[in-house]
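Chain by chain, the residues:
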Amino acid sequence: ALGLDRPLWEQYGVFLSDAVRGNFGESLLHQRPAIDVVLERFPATIQLSLVALVMGTVIGVIAGSVAALKRGTFMELVAMTIALLGQATPIFWLGIILILVFAVQLGWLPAGGRGTFAHLVLPAITLATFTSASIARLLRSSMIEILKEDYIRTARAKGLVSRLVFIRHVARNALIPVVTMLGILAGELFSGAVVTETIFSWPGVGRVILLAIESKDFPVVQAGVAVISAIFILINLLVD
């Protein structure tokens, strides 16, 4: 039934032929197509990843811009210290601390699951922390380099107000490497949400892949990895 009696090269050929058509076989645990098991969890992962990406981008752009424009001040020190901590903090530890503080001790937000917007807050913050920190540090470095360019000095010499110089010349050029980084971070969010989804019992693709690994449901693992890989490639093509 599984074709294991055939030569290895033939088994691999059949697998590739089926995989191209989205057929990864039946789930050993759920007894239905593996791709269906993955795709029905995909909206939850998309929702969490998009919210975390938007949140991280907004915070990162604001922090990076402040750090670059207020270089050498206390505001830059605070922004870059927070960014450094954001990059250095393990996601699994941060998620547990957020649950302990805001769900267990304060009781403000639910500890896990998916339903209302409140369920989305803690896992989105957990995922957005690293994203915002990476964007802030990259944008700050990019802006500092651009602020030294001759055309910035020329724009100011022509009498353009600082706001227009920032919007038309500094921000537009500084965001080019940030957009490239966003493509990589978006792919990492879609594929790296496994830990966050597990901590917060978020019913997404990452969690279903982890459960499939634990139960040795290999068709679901293959389908999940294939879907995540395809999205990662598409996002990077879009960014390019």
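To be clear, the structure that these remarks concern was listed above.
Residues numbered from 1 in each chain as written. Predicted model: local features only at pLDDT ≥ 70, side-chain atom pairs only at ≥ 80, totals over all residues. Heavy atoms only, no water.

Trainee: Tell me about the overall build of the protein, residues and numbers included.
Mentor: Helix and strand counts for the protein come out as 11 helices and 0 strands. The order of α-helices and β-strands along the protein, N terminus first, is α-α-α-α-α-α-α-α-α-α-α. In summary, the protein has a C-alpha radius of gyration of 22 Å against a globular reference of 18 Å for 240 residues, an excess of more than 25%. Along the longest, intermediate and shortest principal axes, the C-alpha atoms of the protein span 75 × 50 × 25 Å. Within the protein, the fraction of its 240 residues that count as buried is 37%. When contacts within the protein are restricted to residue pairs at least 6 apart in sequence, those whose partners lie at least 24 apart make up 72%. As displayed, the protein has an accessible area near 13,600 Å², and 68% of this comes from carbon and sulfur atoms. The distance from the centre of the 18 positive side-chain charges to the centre of the 15 negative ones in the protein is 16 Å. (Helix = DSSP H or I, 4+ residues; strand = E, 2+ residues; numbered from the N terminus. Rg over C-alpha atoms; globule rule 2.2 N^0.38 Å. Buried < 20%, exposed > 50% of the residue type's maximum accessible area, 1.4 Å probe, protein only. Contact = heavy atoms within 4.5 Å. Areas by Shrake-Rupley, 256 points an atom, 1.4 Å probe, with all protein chains shown as cover. Lys, Arg positive; Asp, Glu negative; His and termini not counted. Charge placed at Lys NZ, Arg CZ, Asp CG, Glu CD.)

Trainee: Residue-level account of the packing of helix α5 (residues 91-105) against helix α6 (residues 117-147), with values.
Mentor: At a closest axis distance of 10 Å, the pairing of α5 and α6 adopts a crossing angle of 145 degrees. Considering only the axes of α5 and α6, their crossing is right-handed. On the side of α5, the interface is formed by Ile91, Leu94, Gly95, Leu98, Ile99 and Phe102, while α6 contributes Leu122, Ile125, Thr126 and Thr129. Tallied by class, the residues present in the contact of α5 with α6 amount to 7 nonpolar, 3 polar and no charged. (Axes fitted to C-alpha atoms, helices over the stretch in contact; angles between N-to-C directions. Left-handed = near helix turned anticlockwise from the far one by under 90°. Nonpolar A, V, L, I, M, F, W, Y, C, P; charged D, E, K, R; others polar.)

Trainee: How would you sum up the environment of Val78? Please name residues and give values.
Mentor: Relative to the elements of secondary structure, Val78 occurs in helix α4 (residues 74-88). For Val78, a relative accessible area of 33% gives the class partly exposed. Expressed as a C-alpha distance, the spacing of Val78 and Phe200, which sit 122 residues apart in the sequence, is 29 Å.

Trainee: Any chance you could break down the environment of Glu26 for me, citing the residues and the numbers?
Mentor: Its location among the elements puts Glu26 in the loop between α1 (8-20) and α2 (34-39). The spacing of Glu26 and Val37 is 11 residues in sequence and 9.6 Å in space, taken between C-alpha atoms. Once residues lying within four places of it in the same chain are set aside, the contact partners of Glu26 are Gln31, Arg32, Pro33, Ala34 and Pro219.

Function-wise, these values are silent; they only describe arrangement.
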